[in-house]
Amino acid sequence: MQVESTTTTTNPIILDSLPDFPLSDKGCPRRTRLQIDLMLLAIEALYLGGSEHMLALVSQLDLQDIIKNRVILWQLRSTNPLRRNSQRRPLSLIEAKALVVIISNLGRRLTVRNRQLLMDYEQMQKKQMPLNQHLQLSSYLERFRAHFRSRMNPRRAGVMVYSSDEKLDELAMDLLRKLLFCTGTNGMQRFWISLFDGEVE
Amino acid sequence: MTIERQYSLPNCKLILQGLSEANSNPNDKRPLLSLLMNAECHFVGHPQPVTGGRDFFESLVQQVSLYAQSFLSGISSLESVESQREIVQMQRLDENKHRLVVNDQKTGEVQDASTPNPSIQQIDLSTVQLFDLVEAVDQFFADSRTLPELSLQLRPVSKRTLKAEKPVTQKALPAAIGISSLAVAALALFFVPIPEVRRPEEPVPQSQSQLETPESPTASGSDDPPITTPTDTPEPSLESNLSPVGSINDPVEIERLQALLFEEINREWVTSPTFIDPLIYRVSVAPDGAIVGYKAVNEITPATEDQIPLPELLYKPVGSRTPDEPLADYQVIFNPDGILDITPWNKKTQDSPASDSMSPE
């Protein structure tokens, strides 16, 4: 009979496409944790009920062994060092992989809208039109700012740089662009590898 | 028979023409394209495609792949710096513009210096167009019937490649002192006499009160001017020692940064300590809270240093920092019981003489 502790050997196949990296016992590096949570935040701002979709995907993709429930999902996301209730726990490789799979899958669902928003944004920039004239774009940015401000600790240096609306909008657009690159044929792998740039030997 | 393969995306179309091996099965519905004759990459809005042979195509897929990775991580490797010699180069113009440069001049060819180079082609892509190019390349990689020997090779940029981008001055510093990111910071620390080390027996309650105080001044700091007490003015001799790099003197600012530093280190210090003696560091912080340098005050082995988050938190020179930005220095003590203790460096060195002079009775 299988014991609980052996679950790591029976990981969902979908995670096998993402390579392992040697980590210290502190788990995933700081930038990895930060980037993963910010990407999920952008998805939530783009997708109403985003966190419910994340949980639904957990069972669809057979990731329940890693993300057992909503509290665990919150704990994993809260390993982001900028969070108000940042968790004093490491994020393991397997947990990070599960989150990356979720990001890539939700990103794919949102590809059409994402492309449209990015192209519209570019047009508006060219014509120097204010972004608030674009309903979808401005509501994405507004939701992103609200999510970011309610969840990130304003006293942390990494958060202070985003104190103005303009800076947060730039971050939101940057994440939207990156999210597009997570969606392609090899997008998930590309995103995963990029999370460890400058962090491995 | 010529075989043509197309990978079409809304903004980009990649067309490969080539031949299959002579001994391949003629009834094969999708014969293997094993010899590339020509590669074309069309972009919407650009009438002229970029074209070339095998060398061009190999360079294209490699450079596009590397660029996509640095786009996602914001970190560029040494390889992309070395890409000058590549036929295809990618450059970031701004957050939404990417330049594809194709220099299809043969490397061995003797070039007449008097003629301007007509073989350089340049196409500026938006992020969505860039994505379509990356996707066309990825669809090619996924196609096992076209040049199967070219496959997607992804690996993270190594620390070593990243380190190589740091200023040369820093590499020259002996590694034994510990890592210190900005050469200026290291230089400033070098001139300061090693201070007397106080054991952290007494400061636990006191340090907590020091850590709480910054909250109120930062919240209302803009309105009330800071109350100046004799201890707030820094010791002149130390000041002159520090003058090569501007130091932060505003007490409100020093307290704000102290709170930030505490948050930052405390958050990242997740492993329970196995060391027995407290680890004492001098840490330099920039106005945005970034840790730009640190130096061990007592003797600390690399294995012990692995247990604390300072190496991880050290600002990695991804963007650019102004070399002469003002810094604030703190004494950071990692206690074996897991308690973190942070005091401004000036205050720490002043404390003992100040308390002496304050008790003349």
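Residues numbered from 1 in each chain as written. Chains lettered and ligands numbered in written order. Predicted model: local features only at pLDDT ≥ 70, side-chain atom pairs only at ≥ 80, totals over all residues. Heavy atoms only, no water.

Kindly report on the overall build of chain B, identifying the contributing residues and their values.
Helix and strand counts for chain B come out as 13 helices and 11 strands. Evaluated residue by residue, chain B yields a buried proportion of 44% over its 361 residues. Long-range pairs, those at least 24 residues apart, make up 65% of the contacts in chain B between residues at least 6 apart in sequence. Accessible surface computed for chain B: about 18,600 Å², of which carbon and sulfur atoms make up 55%. (Helix = DSSP H or I, 4+ residues; strand = E, 2+ residues; numbered from the N terminus. Buried < 20%, exposed > 50% of the residue type's maximum accessible area, 1.4 Å probe, protein only. Contact = heavy atoms within 4.5 Å. Areas by Shrake-Rupley, 256 points an atom, 1.4 Å probe, with all protein chains shown as cover.)

Residues and numbers for the sheet that holds strand β4 (residues 46–52) of chain B, please.
Residue and element names in this part refer to chain B. Read across the open sheet, the 4 strands follow the order β1-β2-β3-β4; overall the sheet is antiparallel. Sheet topology places β1 (2–9) and β4 at the edges, where each strand pairs with a single neighbour. The average undirected angle you get between the axes of adjacent strands in this sheet is 15°. Across 4 bridges, the pairing between strand β3 (residues 35–43) and β4 is antiparallel. (Pairing = 2+ DSSP bridges. Axes fitted to C-alpha atoms, helices over the stretch in contact; angles between N-to-C directions.)

I'd like a rundown of unusual backbone geometry, residues and numbers included.
All names here are of chain A. Backbone geometry at D62 places phi at a positive 65°, although glycine is not the residue there. Along the chain, D62 falls in the loop between α2 (50–60) and α3 (70–77). The class of D62 is exposed, set by a relative accessible area of 52%. The backbone of Q128 sits at a positive phi, close to 55°, despite the residue not being glycine. With respect to the helices and strands, Q128 occurs in the loop between α5 (111–126) and α6 (135–151). Take Q128: its relative accessible area is 72%, and that puts it in the exposed class.

Before we move on, could you go through the interface of chain B and chain A and cite the residues and values that matter?
Facing 52 residues of chain B, the contacting portion of chain A comprises 40 residues. Inspection of the chain B/chain A interface yields 5 salt bridges. The partner of E263 of chain B in a salt bridge is R155 of chain A, with the nearest N and O atoms 2.9 Å apart. Summed over the shared surface of chain B and chain A, the number is 13 residue pairs in polar contact (both at pLDDT 80 or more). Those elements that provide at least two residues to the side of chain B that touches chain A are α1 (54–73), α3 (127–142), α4 (159–163), α10 (251–268) and α12 (310–313) of chain B. Here the side of chain B that touches chain A gets 11 residues from one element, more than from any other, and that element is α3 of chain B. (Salt bridge = Lys/Arg side-chain N within 4 Å of Asp/Glu carboxyl O. Polar contact = N/O pair within 3.5 Å; in protein donor to acceptor, adjacent residues only side chain to side chain.)

Before we move on, could you go through the confidence of the model for chain B and cite the residues and values that matter?
All names here are of chain B. Across chain B, the average pLDDT comes to 73, with 63% of residues at or above 70. A low-confidence stretch, residues 107–114 (pLDDT under 50), is modelled with 2 contacts involving residues beyond four sequence positions or located in other chains. Taken together, the stretch residues 163–182 has pLDDT below 50 and engages in 27 contacts with residues farther than four places along the chain or on a different chain. (pLDDT = per-residue confidence, 0-100.)

Report on helix α1 (residues 30–46) of chain A, specifying residues and quantitative values.
What sets the pattern is the α-helix's 3.6 residues per turn: residues three or four places apart point alike. For α1 of chain A, with 17 residues, the first-to-last C-alpha span of 25 Å sits near the 24 Å given by 1.5 Å per residue. Along α1 of chain A, 16 of the 17 residues are buried, which leaves the element largely enclosed by surrounding structure. (Expected span 1.5 Å × (residues − 1).)

Talk me through the packing of helix α4 (residues 93–109) of chain A against helix α9 (residues 187–194) of chain A; I want residue IDs and the actual numbers.
Residue and element names in this part refer to chain A. Remark: α4 packs on α9, axes separated minimally by 10 Å, with the N-to-C direction vectors making an angle of 135°. As far as their axial angle goes, α9 and α4 are oblique. Seen along the crossing, α4 lies across α9 with a hand that is right-handed. Residues L93, A96, K97, V100, V101, I103 and S104 of α4 pack against M188, F191 and W192 of α9. (Parallel < 35°, antiparallel > 145°, perpendicular 65-115°, else oblique. Left-handed = near helix turned anticlockwise from the far one by under 90°.)

So what about α1 of chain B? Which residues, and what values?
Residue and element names in this part refer to chain B. The terminal C-alpha atoms of α1 lie 29 Å apart, and with 20 residues this matches the ideal 28 Å at 1.5 Å per residue to within 8%. With 15 of its 20 residues buried, α1 lies for the most part within the structure. Backbone geometry just after α1 places G74 at a positive phi near 80°.

An account of the sheet that holds strand β5 (residues 88–94) of chain B is requested, with residue identities and associated values reported.
Residues and elements named next belong to chain B. Ordered in space as β5-β6-β7, the 3 strands form an open sheet in which the pairing is antiparallel. Looking at which strands have only one partner, the edges of the open sheet turn out to be β5 and β7 (120–126). The average undirected angle you get between the axes of adjacent strands in this sheet is 20°. Across 7 bridges, strand β6 (residues 97–103) lies against β7 in antiparallel orientation. Opposite V101, over in β7, you have Q122 as the bridge partner.

Kindly report on the environment of L33 of chain B, identifying the contributing residues and their values.
Residues and elements named next belong to chain B. Looking at the element boundaries, L33 is found in the loop between β2 (12–19) and β3. For L33, a relative accessible area of 0% gives the class buried. Placed 28 residues apart in sequence, L33 and R5 show a C-alpha to C-alpha distance of 8.5 Å. Sequence-distant contacts of L33, that is, excluding residues within four places in its chain, are made with I3, R5, L16, Q17, G18, L19, R145, T146, L147 and P148.

Describe in detail the confidence of the model for chain A, supporting the description with residues and values.
For chain A, the mean per-residue pLDDT works out to 90, and 95% of the residues sit at or above 70. When the criterion is pLDDT under 50, residues 1–8 of chain A qualifies, and its contacts beyond four places in sequence or with other chains add up to 2 contacts.

Let's hear about the packing of aromatic side chains: which residues, and what values?
Under the counting rule described, the total for this entry stands at 13 aromatic pairs over all chains. For the pair F21 of chain A and F196 of chain A, a centre-to-centre distance of 4.6 Å together with 35° between the ring planes defines the contact as tilted. Taken together, the residues span a long stretch of sequence, with F21 of chain A in the segment before α1 and F196 of chain A in the segment after α9 at a distance of 175 residues. Exposure remark for F21 of chain A: the relative accessible area of 12% places this residue in the buried category. Judged by centre distance (6.2 Å) and plane angle (75°), the ring pair of Y7 of chain B and F140 of chain B falls under edge-to-face. With a gap of 133 residues between them, Y7 of chain B in strand β1 and F140 of chain B in helix α3 connect regions that are remote in the sequence. (Phe/Tyr/Trp six-rings, centres within 6.5 Å; stacked < 30°, edge-to-face > 60°.)

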